[in-house]
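Reading the structure
Chain by chain, the residues run as shown.
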Amino acid sequence: MVKNRQFIKPLAAIILAIICLLPLDACAAPSKSANGDPIYQQRTVHNPDGIGKFYMGREIAQVMGYQGAGWLERPSRGMEEKSARLVNNLDLKPTDIVADIGAGTGYFSFRIAPLVPQGKVLAVDVQPEMINFIKLNKQEKNIANLEPVLGSIDNPNLPENSVDLVVMVDAYHEFAYPREMMQGIVKALKPGGRTVSIEYRGENPLIPIKGLHKMTQKQVKKEMAAVGLVWKETKDMLPQQHLMVFEKKSQI
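**A word on the overall build of the protein**
A count of helical and extended segments in the protein gives eight helices and eleven strands. The 252 residues of the protein split such that 45% are buried. Looking at the protein alone, contacts between residues at least 24 apart form 64% of all its contacts between residues at least 6 apart. Accessible area of the protein: about 13,700 Å², with a carbon and sulfur share of 58%.

The structure is reproduced here in structure tokens:
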């Protein structure tokens, strides 16, 4: 019995060491949907542009890091994507509180802010480097009604019932926890508040964007419906992207 104990202690130490080397969420209980099914599936064989994590039949794309800031701010972007047309079709009111989720460098946040002079823009990103870029740009442009917000991978860190409009430009497909992130966004929306999803058209294989960085209307609608958002309209006035509008149900 004493000999067995001598073997058990080193064995336990080895097992503990292995556990400590695993990812933080490796032993966590998987998220479950209302009917008890797992929300996410992890696969070892997957698209190299994805993270191997699947949600509602879609593989989640890898995040473009802060190293891509120059590409986000490229001079040709406005012409290529018709950025001014996008902003003008958000149906903004001067008093709107707008959350730009996945704001990156704040490319759209800084274009929205002048259109909501009595409101403000919350530029949300999960990368501290992007938040620092926004802070520096805000100081340089002297824009008072823009507030950088450091979110987390599963929470936008916004107050409940505080936002009139959420904008997600080419960002949603990279959310590592889309269900939890969208639940946080829905909580942050005021009753009747809107979410605008802008994604490259997954229906069009000729659009020169990697497949996992595009989404079809059908897929977007399915994923937004899963958190209770109601599709209102799709505006196809952009060269390569869908602009899809969803609404939070008003409280009765």
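So much for the structure itself; the text now carries on.
**A word on the side chain of Asp100**
Structurally, Asp100 can be placed in strand E4 (residues 97–101). Within the local environment of Asp100, its side chain forms a polar contact with the side chain of Ser109, the two groups lying 2.6 Å apart. Excluding residues that lie within four positions of it along the chain, Asp100 makes contacts with Phe108, Ser109, Val121, Leu122, Ala123, Val124 and Val167.

**Focus on the sheet that holds strand E1 (residues 40–42)**
Hydrogen bonds between backbone atoms are what pair the strands of a sheet, whose relative direction is either parallel or antiparallel. With antiparallel pairing, three strands are arranged side by side in an open sheet as E1-E2-E3. Either end of the sheet is taken by a strand with one partner, and the two such strands are E1 and strand E3 (58–61). Averaged over all adjacent pairs, the angle separating strand axes in this sheet is 40 degrees, with direction ignored. Relative to E3, strand E2 (residues 50–55) runs antiparallel, the two being bridged by three bridges.

Criteria and cut-off values
Residues numbered from 1 in each chain as written. Predicted model: local features only at pLDDT ≥ 70, side-chain atom pairs only at ≥ 80, totals over all residues. Heavy atoms only, no water. Helix = DSSP H or I, 4+ residues; strand = E, 2+ residues; numbered from the N terminus. Buried < 20%, exposed > 50% of the residue type's maximum accessible area, 1.4 Å probe, protein only. Contact = heavy atoms within 4.5 Å. Areas by Shrake-Rupley, 256 points an atom, 1.4 Å probe, with all protein chains shown as cover. Polar contact = N/O pair within 3.5 Å; in protein donor to acceptor, adjacent residues only side chain to side chain. Pairing = 2+ DSSP bridges. Axes fitted to C-alpha atoms, helices over the stretch in contact; angles between N-to-C directions.

As far as function goes, none of this settles anything; it's purely spatial.
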